[in-house]
Amino acid sequence: MPAVTETIETIDRLAGGGYKFGFETNIEMEFAPKGLNEDIVRLISAKKGEPEWLLEWRLKAYRAWLTMEDPHWARIHHPKIDYQDLHYYAAPKRPAPKSLDDVDPELISMYDKLGIPLNERAALAGVAVDAVFDSVSVATTFRESLAKVGVIFCSISEAVREHPDLVRKYLGSVVPAGDNYFAALNSAVFSDGSFVFIPRGVRCPMELSTYFRINARNTGQFERTLIIAEEGASVSYLEGCTAPMRDENQLHAAVVELVALDEASIKYSTVQNWYPGDAQGRGGIYNFVTKRGACRGRNSKISWTQVETGSAITWKYPSCILQGEGSTGEFYSVALTNNFQQADTGTKMIHLAPNTTSTIISKGISAGHSNNTYRGLVRIMPRAHGARNFTQCDSLLIGDQCGAHTVPYIESRNQSAKVEHEATTSKIAEDQLFYCRSRGLSEEDAVGLIVNGFCRDVLKELPMEFAVEAQKLLAVSLEGSVG
Amino acid sequence: MLEIKGLTATIDDKEILRGIDLTVPDGEIHAIMGPNGAGKSTLSYVLSGREGYEVTGGSVTFNGRDLLAIEPEERAAAGLFLAFQYPVELPGVGNANFIRTALNAVRRARGEKELDAVAFLKEARAAIKLLHMPDDMLKRNVNVGFSGGEKKRNEILQMALLKPSLALLDETDSGLDIDALKIVADGVNALRGPDFSALVITHYQRLLDHIVPDRVHVLAAGRIVRSGGPELALELEARGYAGLEAA
Amino acid sequence: MNAGDFLDRIDLAALPGAVSRRARAAARFRATGWPTRADEAWHYTDLNARLKSFDLALPAEAGSVAGLIPETDLPRIVFVNGRFAEDLSTKMPGLGCYASDAALTEGRDQPMVALNAALAQDGAVLDIAESVDAGTVLLVSIAHAAHQAAIAPRHRIRLGAGAALTLIEIARGEGEYLHNPVVEIALGEGAVLRHYRLQDEAMAAVHVATIFADLASGARYDSFTLNCGARLSRNETHATLAGAKADVHLNAAQLLTGSQHGDITTIVAHDAPNCASRQTVKSVLSGAARGVFQGRIEVARIAQKTDGYQMNQALLLSPDAEIDSKPELEIFADDVKCSHGATIGALDPEQVFYLRSRGIPEAEARAMLIRAFLDEALEPVTDATAHRLFEDAIDAWWRKGVL
């Protein structure tokens, strides 16, 4: 969260304990009844006043989901999720605000606590924010200034109403409704999310940011983000997430689709800090996310950067389909797990066209009793002459009760392609720790420092405000792991 | 004798050589000097048959043969040798094995008897001694872990053993200290004779203090813009290349 | 053919040895059938697709196989169509056969190991006593006149503490058949086994070998496998470092062309501290060949100070060749040094040009570079006979016109 720079200190007082964003907000909410069936899908669609085609699309996804099984291949373990015991729609009761001035003051103050001022005067200059609270977008800042250059930045519900042709053209074009179990579920019940459209030749004048907050109990969050960069357009998009501390697990199954046309570039950065559960492994978010970008145009570029410190379970593989000649895919990832967290995350780079390039830098840090898995696929198809991939996966273990795993799949069907993969696993060297401590650092600070150094290649890809935040987050997330 | 007539060549459709005319008679050493980007290395690669260079016009005959029509290994068998500016590393390929394989391939092509391992080692050791090189040079993998100077000396060692009739030395002096430079020059001078000629490509005059050329040519923007005796090199050293493109 | 149908036609009770063990193994195999790609361990190798058209049966009598046995002065043990060929073998003390041995390890659940247990009739049983250096032994397994037969020898090698052995294992044959050997190896404290394997099967054959090597403390297992025959092959090695300071070297190379499919799979389990594992696996793929490498290093919580290294590299020599590689690390101990690397590419044109500029013809230049590429994998091969065998096999590969 770009705007959360100073959050940790300020929230510390409010929350107490390791997780700094665990407070609950009391807002009068409207819930759909628990459970999932076609009527719930219809209800969600009706609540949002959607056109018939979108309802049909949702229903098709729902029916596909019914025939699917949840995937078993990831190295994660959890009790069976009871999909009938969840609310699939939760929204603040007050009618949707027409402008920022109409937003419920309780919400404004919650976002303030999180360090996301929705008041444009107080906001960080140069960052537009879409705030998603449980199932709905509650506010989007700087819309007018963006509109002046033709950039559309709004909630996806609004985009369905205001820009139906664009949504219809691109929705599901990168992640089809029946792509996988969680994507199908999301397609059936997605409630809100962000929509970004950068028209031909426009460099988006400010960073765009969405801030996701799960608040309500027993509620799944299923947001859907769609970003389109037309020919020659470029945008940097940031995403942040938090949730209250609760003893029960909560489900989050999002879908993000990116489309880059000729010479376009999209930079997508995430700091994922959903509630990870407590030190005994109780509670926390189950984070099952499908993120995929299509480099459709020549020389287009999609770059994913993620810092994953939250969630009880993280299951996500932000991917790039390199369809355009000369296109570039990047994946920079830090995944930190502590206590009983489980992360199975990585990427897929599918090289379809000639002279496509991909880079994967993954840094996994395991502490406590956690398990952290990098899982990635690099696939070079026969047409991808001259394709290049470089992958570097490093794992760091802190303590002897955790696990670090690396599962790359590397497939090449083109002679002229060049693929390089390196992976290492190590622990923090005693002499590094001693060196720092002999200079007066506490052991925790020394570990934090070394971990930040270990992650430097990824953190430097983040926009600056995010990088500062991410560094602090890493240190906070490691609390209690040393000694 | 090497005869180059109206040679033009491109890389990725960009014209680098724009009509080179040059004759190197047997027994003579010619130097080619010129500023960066003049096409010096391109000329040596085109002559040795490297891929990626498109000859768009002109001819090159070498001892009466059409050099451009034959494969790189046939050019080597015909007596052409290129000392690379940046010799490539060959991990896993032993230097002795490599040079003997090359030597025997060349001998086979020339209808000569192949050398057995013993005879080869004897020759190689003698050459190494002559060039003041360490003995382990033969045992190491080709150019792997060699310093810049060692790589250049390894090129000269190969030249000494393959005994070409025409050597192309592509900036062999770059990155060499004065001792190594002398060793390289000695290696070339040792081959001097009526059946050996060389084209020494260099940016600086200092190598030519040790390998005194019969003729000096100035290459600029893909053409030979001036030719003269050894004194031309000194003149260039004093006055630089400025203004030559227009000449 | 359906896996169950094929077993139904064989009277397992008529085979020598313990009937109940065969029946149990057959039941295990029936439960899974031929491995398919849905099985993660067989993600890149579809054995079912290859074997379902085979009309498998037990092999008939073989003819003369003398030409398939390499000429050496070494003592040798020969199996033909899965049966011990006493007349072709050297008389050796301590050599038994599978059927008479009731103590073979059960509980290996892999389908192809279960199939082997159901069908195996003979196998080499080598017990090397404590501190004995048994020198070099040749183990040859031949398939002959064995049209669409399933041949399943099961070998067991045990080295006492401080014992040493060099074992050269060769698989060869003629025609279309399934060769499914299993080798179980137990190395006592400080024992050293050098295991050199040449898979040189007929081009229509299917070869699926599974090797289990269990190492006590201080033991050393050095192996190299050259995979160049068979239409479809899989060499799966499970090395378990059960005692401290054990050391394993699992190298392999595969040279494939035409429509060959070759799979090298390794699972190295570090179950004790201070052990080292080294793997260098190289694939050279021509024609429309497909190479697979799967290698997993598992480090248990107790296995502190593990040093695990794995490198796999592939050279694609033609536009239709394919490589699939899955190097895995599974680490539960923190004080470890584990790494893997993978590279895939073509021959470097700069290197080819350098050699050609010295007069070496293109095909020879390519062969030289490929041979150099393989060199690192051959490093554990210290035995002269084994070395010669591998060089001959590599030379034979050039003659297939792959360059």
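You'll find the structure just up there.
Let me begin by describing the structure that accompanies this report.

About the criteria used
- Residues numbered from 1 in each chain as written.
- Chains lettered and ligands numbered in written order.
- Predicted model: local features only at pLDDT ≥ 70, side-chain atom pairs only at ≥ 80, totals over all residues.
- Heavy atoms only, no water.
- Helix = DSSP H or I, 4+ residues; strand = E, 2+ residues; numbered from the N terminus.
- Rg over C-alpha atoms; globule rule 2.2 N^0.38 Å.
- Buried < 20%, exposed > 50% of the residue type's maximum accessible area, 1.4 Å probe, protein only.
- Contact = heavy atoms within 4.5 Å.
- Areas by Shrake-Rupley, 256 points an atom, 1.4 Å probe, with all protein chains shown as cover.
- Lys, Arg positive; Asp, Glu negative; His and termini not counted.
- Charge placed at Lys NZ, Arg CZ, Asp CG, Glu CD.
- Pairing = 2+ DSSP bridges.
- Axes fitted to C-alpha atoms, helices over the stretch in contact; angles between N-to-C directions.
- Polar contact = N/O pair within 3.5 Å; in protein donor to acceptor, adjacent residues only side chain to side chain.
- Phe/Tyr/Trp six-rings, centres within 6.5 Å; stacked < 30°, edge-to-face > 60°.
- Lys NZ or Arg CZ within 6 Å of the ring centre and 35° of its normal.
- Expected span 1.5 Å × (residues − 1).
- Buried area = accessible area lost by both parts, 1.4 Å probe.
- Salt bridge = Lys/Arg side-chain N within 4 Å of Asp/Glu carboxyl O.
- Core = buried A, V, L, I, M, F, W, Y, C linked by side-chain atoms within 4.5 Å.
- Domains from an automatic or database assignment.

**As for the overall build of chain B**
In step 1: When you go through chain B residue by residue, the secondary structure sums to eight helices and twelve strands.
In step 2: What you see for chain B is a C-alpha radius of gyration of 18 Å, in line with the 18 Å of a compact globule of 247 residues.
In step 3: Along the longest, intermediate and shortest principal axes, the C-alpha atoms of chain B span 55 × 40 × 35 Å.
In step 4: For chain B, buried positions account for 54% of its 247 residues.
In step 5: Sequence separation of 24 or more characterises 68% of the internal contacts of chain B that already satisfy a separation of 6 or more.
In step 6: If you sum the accessible surface of chain B, you get close to 10,600 Å²; carbon and sulfur atoms cover 49% of it.
In step 7: Of the charged side chains in chain B, 28 are positive and 35 negative, and the gap between their average positions amounts to 4 Å.

**Structural notes on the overall build of chain A**
In step 1: The number of helices and strands found in chain A is twelve helices and 23 strands.
In step 2: Classification of the 483 residues of chain A by burial places 64% in the buried group.
In step 3: For chain A, the share of sequence-separated contacts (at least 6 apart) that also reach a separation of at least 24 residues comes to 83%.
In step 4: As displayed, chain A offers around 17,300 Å² of accessible surface, 50% of which is attributable to carbon and sulfur atoms.

**A closer look at the sheet that holds strand β4 (residues 54-62) of chain B**
All names here are of chain B.
In step 1: Read across the open sheet, the four strands follow the order β2-β1-β4-β5; overall the sheet is antiparallel. At either margin of the open sheet sits one strand with a lone partner, and together these are β2 (14-24) and β5 (65-66).
In step 2: Two elements, strand β1 (residues 2-11) and β2, share eight bridges in a ladder whose sense is antiparallel. Note on β2: the bridge partner recorded for Ala9 is Leu17.

**Quick notes on the sheet that holds strand β10 (residues 197-202) of chain B**
Strands pair in a sheet through their backbones, by hydrogen bonds, and they do so in one of two ways: parallel or antiparallel.
Residue and element names in this part refer to chain B.
In step 1: Spatial ordering of the open sheet is given by β6-β9-β10-β3-β11-β12, a layout of six strands whose pairing is mixed. On the outer flanks of this sheet lie β6 (80-83) and β12 (223-228), each paired with one strand and no other. Each adjacent strand pair in this sheet contributes to an overall mean axis angle of 20 degrees, direction not counted.
In step 2: Of the strand pairs in this sheet, β6 and strand β9 (residues 166-170) are connected by four bridges, and their pairing is parallel.

**With respect to the side chain of Gln304(C)**
In step 1: Mapped onto the elements of the fold, Gln304(C) is located in the loop between β18 (290-299) and β19 (307-316).
In step 2: A polar side-chain atom of Gln304(C) sits 3.0 Å from a polar atom in the side chain of Asp334(C).
In step 3: Apart from the residues lying within four places of it in its own chain, the contact partners of Gln304(C) are Asp400(A), Pro273(C), Asn274(C), Ala333(C), Asp334(C) and Asp335(C).

**Considering the packing of aromatic side chains**
In step 1: According to the stated counting rule, one finds 28 aromatic pairs over all chains in the structure shown.
In step 2: Between Tyr268(A) and Trp304(A), the ring centres sit 5.0 Å apart and the planes meet at 55 degrees, which makes this aromatic pair tilted. Residue Tyr268(A) is found in strand β12 (residues 265-272), and its partner Trp304(A) is found in strand β14 (residues 301-308); the two are separated by 36 residues along the sequence.
In step 3: Each ring, one from Tyr45(B) and one from Phe84(B), has its centre 6.3 Å from the other, and the planes form 55 degrees; the classification is tilted. A residue pair is termed long-range when its members are at least 10 positions apart, and Tyr45(B) in helix α1 (residues 40-48) and Phe84(B) in the loop between β6 and β7 (90-94) qualify at 39 residues.
In step 4: Taken together through their ring pairs, the aromatic side chains of Tyr62(A), Trp65(A), Trp73(A), Tyr83(A), Tyr181(A), Phe182(A), Tyr286(A), Phe288(A), Trp315(A) and Tyr317(A) make up a single cluster.
In step 5: The ring of Trp42(C) has Arg234(C) sitting right over it, with the charged end atom 3.7 Å from the ring centre.
In step 6: One residue, Arg358(C), lies across the ring of Tyr354(C), its end atom 4.9 Å from the ring centre.

**Here we look at helix α12 (residues 464-477) of chain A**
In step 1: The end-to-end C-alpha distance of α12(A) is 20 Å, a good match for the 20 Å that 14 residues give at a rise of 1.5 Å each.
In step 2: Along α12(A), the residues that are buried comprise Phe466(A), Ala467(A), Glu469(A), Ala470(A), Leu473(A), Leu474(A), Val476(A) and Ser477(A).

**A short note on the interface of chain C and chain B**
In step 1: Contacts between chain C and chain B engage 17 residues on the former and 33 residues on the latter.
In step 2: With both sides pooled, the region where chain C packs onto chain B buries about 2,000 Å², and carbon together with sulfur makes up 62% of that total.
In step 3: On the chain C side of the contact with chain B, Phe353(C), Tyr354(C) and Arg358(C) bury the most area, a combined 39% of that side's loss.
In step 4: Our enumeration of links across chain C and chain B arrives at five salt bridges.
In step 5: Measuring nitrogen to oxygen at the nearest pair gives 2.5 Å for the salt bridge that ties Glu73(B) to Arg356(C).
In step 6: Applying the counting rule to chain C against chain B returns twelve residue pairs in polar contact (both at pLDDT 80 or more).
In step 7: Elements with a minimum of two residues in the side of chain C that touches chain B: α5 (349-357) and α6 (362-375) of chain C.

**Here's the deal with the nonpolar core**
In step 1: Membership of the largest hydrophobic core comes to 126 residues, with the highest contact counts inside it found for Leu2(B), Phe98(B) and Leu226(C).
In step 2: Counting residues per element, this core draws most heavily on α6(C), at eight residues.
In step 3: Composition of this core by domain shows at least three residues from each of domain 1 (3-347) and domain 2 (348-403) of chain C.
In step 4: Each residue touching Phe98(B), except ones within four places of it in the same chain, is listed here: Leu90(B), Val93(B), Val142(B), Gln158(B), Tyr354(C), Leu355(C), Arg358(C), Ile360(C) and Met368(C).

**Notes on the arrangement of the chains**
In step 1: Here the protein chains form two pairs of chains in contact, of which the pair with the most contacts is chains A and C.
In step 2: What separates chain A from chain B at the closest point of their C-alpha atoms is a distance of 15 Å, and the two make no contact.

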